[in-house]
Structure formats: C-alpha cells, structure tokens
Number of protein chains: 2
Amino acid sequence: MTGGRLSLNQRTIANASLAEAIDACRAAGLTSIGVWREPVAEVGLERAAELIKDSGLRVSSLCRGGFFTAAEPGAVERAHLDNRAAIEEAARLGAATLCLVPGGLPAGDRDLAAARARVVEAIERLVPYASEQGVVLGIEPMNPIYAADRGVISTLGQALDIAERFDPAVVGVIVDTFHLWWEPGVEAQIARAADRIVSYQISDWITPLPPDTLLARGMMGDGHIDFASFTRAVAAAGYTGDVEVEIFNADLWAQPYGTVVQTLSERFEQLVRPHL
Amino acid sequence: MTGGRLSLNQRTIANASLAEAIDACRAAGLTSIGVWREPVAEVGLERAAELIKDSGLRVSSLCRGGFFTAAEPGAVERAHLDNRAAIEEAARLGAATLCLVPGGLPAGDRDLAAARARVVEAIERLVPYASEQGVVLGIEPMNPIYAADRGVISTLGQALDIAERFDPAVVGVIVDTFHLWWEPGVEAQIARAADRIVSYQISDWITPLPPDTLLARGMMGDGHIDFASFTRAVAAAGYTGDVEVEIFNADLWAQPYGTVVQTLSERFEQLVRPHL
C-alpha cells in the first residue's frame, strides 16, 4: 500500500493525459493526484471533474495560478481574470489548494522590489473571490534560481510575510523541498507556517544541475536533500495533508508512467513516510 | 579614466596569466586587480608579489580560501593548513581580503545544518592566524544554486550571523550581486553589514541560465540585476573599497582580454560608478 498521503503531481509524468495520469495513480494504489490546468483544459473542465470523481482520487492541488508580476495594466487585468478562472476550476475539481507561482521580472524590468509588491496586490485582489468560491490559495516560494524568470518570492519567510496578511482559511503557502531546502532557518519558518501549509511538495536537488533549469528536479534520494529532517519539520508543524511528488525532469518524462510511479512510491516509502 | 575603484578579478579573463592580467588592467587604466591563487602559484608567490608591486596595482582580493565543509578529520586538517597558506599568500600580496568560499556538502552527506556549523568552526580556528598576519577574512555567501556543491552559506544575513562573532578587523563579508540580488531584505542586510563589507563584487544574473551553472554569470547590463539600487545600498553602508568585476562565463573567456576589460569598464562607468 503506497496510498494514504502520497500524491502524484501529473507534471511528473508530463506526457500523460489526465485519464492516463489517473490510471497510473490508481494502478499504483495512490489515492490522490495533483492536476494541471492544461491537461484539464484538453478534456474540458466538466469531463475532467467527472473523470476525477469516478476515479475516487482526491485532488491535492491544482497547478497553477499566479504570474502576478506584469506591470502593464492590460496584462495585469488579463492575469487577474485568468486567476479568477483558475479559482473556478479549483473549486469545481475540489482541489485542496490552487498553487500560485508568483511570476518573474517582466522583460527588461529590473525592479525586483516592485515586482514583489505587485504579487501582494494581485493576491489581495483575488482573496475575496477565492473565499467566495471556497478555494485556498497557496503561495509558492521558489528557489532563487527562478527569481528572474518565474518566481520573485524566494523564501518561505517571505511567502509567510505575505500570507499572514490574510485569513488562513483562504491564503496559505506551498512548502516544496526543491525550492526551500537551502533556506537558512527553514525549520523555524515551517513551524511558523503551521496551518498555513496547504501543500507539501517533494523532489530532490541534484548536481550537476541539468542544463535546462526548468527541468532540473530529481527523484527523491538522487540528490542532496535530507527528506527525513525536512519531513519531520513539516509533520511537527501539524501538516496532515497529501505529499505531492512534483518532478520536472526530461529523463523521467522519457520513462513509462508505471515505472516512474513505482519508483517514486518506493522512494516515498523509504525516505518520507517514516517521518510523517 | 576608468581607474579609481574598478578592479578586474582575473577570473574574468580566466585564460590570462598573472602577467597578462596585470597588463590588461594597466592598459585599461585600472588601478586594482583581484588575483587567484592558481595563477599566483604558476609563477611563484615571490615573483607574483614582485609583478604586482612593479605594476602599482592594488590587490582588491585574493581568491580563494574556504572549502570548510569536509567532515573527515584528515580532510578538515588539510583544509585548515591550506587556508593558513592562503592567509600567508594574502599577507604577502597585500590583498584587501582573502575570499572564503564556504564549500558544499561532502559527497553523500545531506546534513546541511552540520556542514554550516563546520564552516563556523573552521573560521573560528583560522581567526587568530589571520589576525596575526593582518589578513581580513571575507566570508562569501553564495547563491543557493551552489548550496549543494560549493557554498552552504546562502544569504548575507547568514554570513553576517557568522562574521559578527568575530572582530570586524579580521572577519568581514563579500557582497556579490550575482549571489545576493534576490535576497529578500538584502538592503537591510547590506546596511547591517556596514564596515564588515570587505569586497563588493559584481556580475549579472542572466537568463536562460547557461548550461554549466559554474559559468553562469553575465556582464553587468546583460541580465536582471538592478546595479543602481544595489550599488547605492553598498555605498550607503559606507563601503569605500574597490569594486571587483568577477564574471565566470565561457563566451567571455573566448574574447580577447582587452575587449573584455574595455566592455566591463564601460558598463561599470554606465551602471555602477554613478551610484557609488
């Protein structure tokens, strides 16, 4: 039984359709899945909701909203509307959280402080609608390797400074080992996060880093992260939700889905579950 | 006149010998150079000291000591002895500081907290000898991209927590834009650093990140860093020393030395000097 709290983020088997990802979860005995908006859109939201309902799987997260850093008013408005749509999708799918990727610096823009401030404004504007829809927003602090082009929120401490402005029933944080393993004092920040932790995502930091930094994540156990201590900190903070394996890695994407899910289930049992 | 406070870290023209790097500095009107131990060893310490003295250049830093994270007692001792040798070289060359690269996790070791603790112990052990030799140790916090394999000290805040245990005349910090530009609250940490800042090193964060992360730095102006605000923070903290351009980049290494120094001088004049 690898079920229980292990969830497959479907991006870990990026070439699979939603139906195939659901099948891979069920075949491996998983009871939860993290879904992405693109493969949901491929089949349509209603059909996706039906597939998931029929499967009996929980939806540990919907990836992803966010990309809040545009400065140009039209782009800001488009991002807002897209995030409202993402909130509706998260509500329809019953996702435990909507992952918010902060977004990077706009092209040619070097004002990091202003970009970070726009993230806060954009979240503030979304909160009432998320609350109305019963959706929990999950701010995802991202490894500084992505600070320029993907996520200007770089530490759990920084994400909590934002989240704590809002009702914990509506705004939380995503704790991801790849993004946060290096953060000085991260255990204290995890403890501070407490019931703000709305998703625990895992993958490893491997070296040498693969050439495409967006596909640089490794299978747990293949890299440098101490999953025992990190997981104990998350458990001690009171997190009882699913543990989502999210690995972007071209070598993994080339493997059969079943093999990938088998491997990650084994690594989860060995490295993570004993510490939950 | 590009002289004054601009310094060429010789690794920016990595294929040059010490004599060639000195010539490139003088040809461009620079008055300072950051030297590396390997090219110094190539000609011998005494000859290197002579070359530098004859050139009239200041030595803004000697790179590098550190690599303090070994756990095995023999390796710890070897690192200590090598750092004592580096201190002697820094003293002989009259370097403004000896750059300390913290070191990464030992092979197969995932205990980041313990590795960080060993850095503190190793520095503590070196301080009396550095003090005796009149050498200022510069702790270099490194971008988290290097946390696993090169530098377990990841933020200026963390470096200052270590440096502040010691006499500011002996232990300071290296403030490097590439390593620190993303750090939340970095301006406050730079202000806190004050006279602990023993070197200001500059290069840019470019995207997409070049495939070899060790050669991922860019020329100022080619990337995402706001040199104006960062430099103003360093100046406001009271730093009056040299500004060292340290760029590890294969494309740059392929260019003639004179071209590289010309370009970095222009970028310095344009992006950095007005804010010093």
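Criteria and thresholds
- Counting restarts for each chain: residues are numbered from 1 in the order of the written sequence.
- Labels are handed out in written order, letters beginning with A for the chains and numbers beginning with 1 for the ligands.
- Under the rules for a predicted model, residues below a pLDDT of 70 receive no local features and side-chain atom pairs below 80 are neither given nor counted, while totals for whole chains, interfaces and linings still include all residues.
- The side-chain quantities take in all heavy atoms of the structure and omit both hydrogens and water.
- The helix and strand labels rest on DSSP assignments: H or I over at least four residues marks a helix, E over at least two residues marks a strand, and numbering proceeds from the N terminus.
- Put simply, the radius of gyration uses C-alpha atoms, and a globule should come to 2.2 Å times the residue count raised to 0.38.
- Categorising residues by exposure relies on relative accessible area from a 1.4 Å probe, with only protein chains included: less than 20% of the type maximum marks a residue as buried, more than 50% marks it as exposed, and the intermediate range marks it as partly exposed.
- Residues count as neighbours in contact if any of their non-hydrogen atoms are within 4.5 Å of one another.
- Accessible surface is estimated by sampling points in the Shrake-Rupley manner with a 1.4 Å probe; for residues, cover comes only from the protein chains shown.
- Whether two strands pair comes down to DSSP finding at least two bridges between them.
- Note on method: axes are straight lines fitted to C-alpha atoms, helices fitted across the in-contact stretch only, with angles between N-to-C directions ranging 0 to 180 degrees.
- Here the copies were fitted onto each other by least squares, based on C-alpha atoms from residues at pLDDT of at least 70 in both.

Quick word on the overall build of chain A
Tallying secondary structure elements over chain A gives 11 helices and 10 strands in all. Here the C-alpha radius of gyration of chain A, 17 Å, is about what a compact globule of 276 residues would show, namely 19 Å. Taking the principal axes of its C-alpha atoms as reference, chain A extends roughly 50 × 45 × 35 Å. Every one of the 276 residues in chain A was classed for burial, and the buried ones make up 59%. In chain A, the share of contacts with a sequence separation of at least 24, taken over all contacts with a separation of at least 6, comes to 81%. Of the roughly 10,000 Å² of accessible surface on chain A, 51% is carried by carbon and sulfur atoms.

A closer look at the sheet that holds strand S5 (residues 137-139) of chain A
Residues and elements named next belong to chain A. The 8 strands lie next to each other as S1-S2-S3-S4-S5-S6-S7-S10, forming a closed barrel whose pairing is parallel. For this sheet the average axis-to-axis angle between neighbouring strands, irrespective of direction, equals 30°. Strand direction decides the pairing type here: strand S1 (residues 6-9) and strand S2 (residues 32-36), joined by 3 bridges, are parallel. By the bridge assignment, leucine 8 is partnered in S2 with isoleucine 33. The strands touched by helix H9 (residues 227-236) within the sheet are strand S6 (171-176) and strand S7 (197-202), with S7 carrying the most contacts at an inclination of about 170°.

Observations regarding the relation of the copies chain A and chain B
Between the two copies of the chain lies a rotation about an axis combined with a shift along it. In the superposition of chain A on chain B (RMSD 0.0 Å, axial shift 0.0 Å), the rotation amounts to 180°. One copy is carried onto the other by what is essentially a two-fold rotation axis. Nearest to the rotation axis, the C-alpha of Pro211(A) is located 2.0 Å from it, this being the minimum over chain A. When the interface residues of chain A are mapped onto chain B, 100% of them again lie at the interface, so the same face is used by both copies.

Digging into the pairing of S7(A)
Within a regular strand, side chains alternate between the sheet's two faces. All names here are of chain A. Across the 6 residues that make up S7, a large majority, 6, are buried. Strand direction decides the pairing type here: S6 and S7, joined by 4 bridges, are parallel. Directly across from isoleucine 174, in S7, lies its bridge partner serine 199. Here S7 pairs with strand S10 (residues 243-245) via 3 bridges, running parallel. The partner of glutamine 201 across the bridge, within S10, is glutamate 244.

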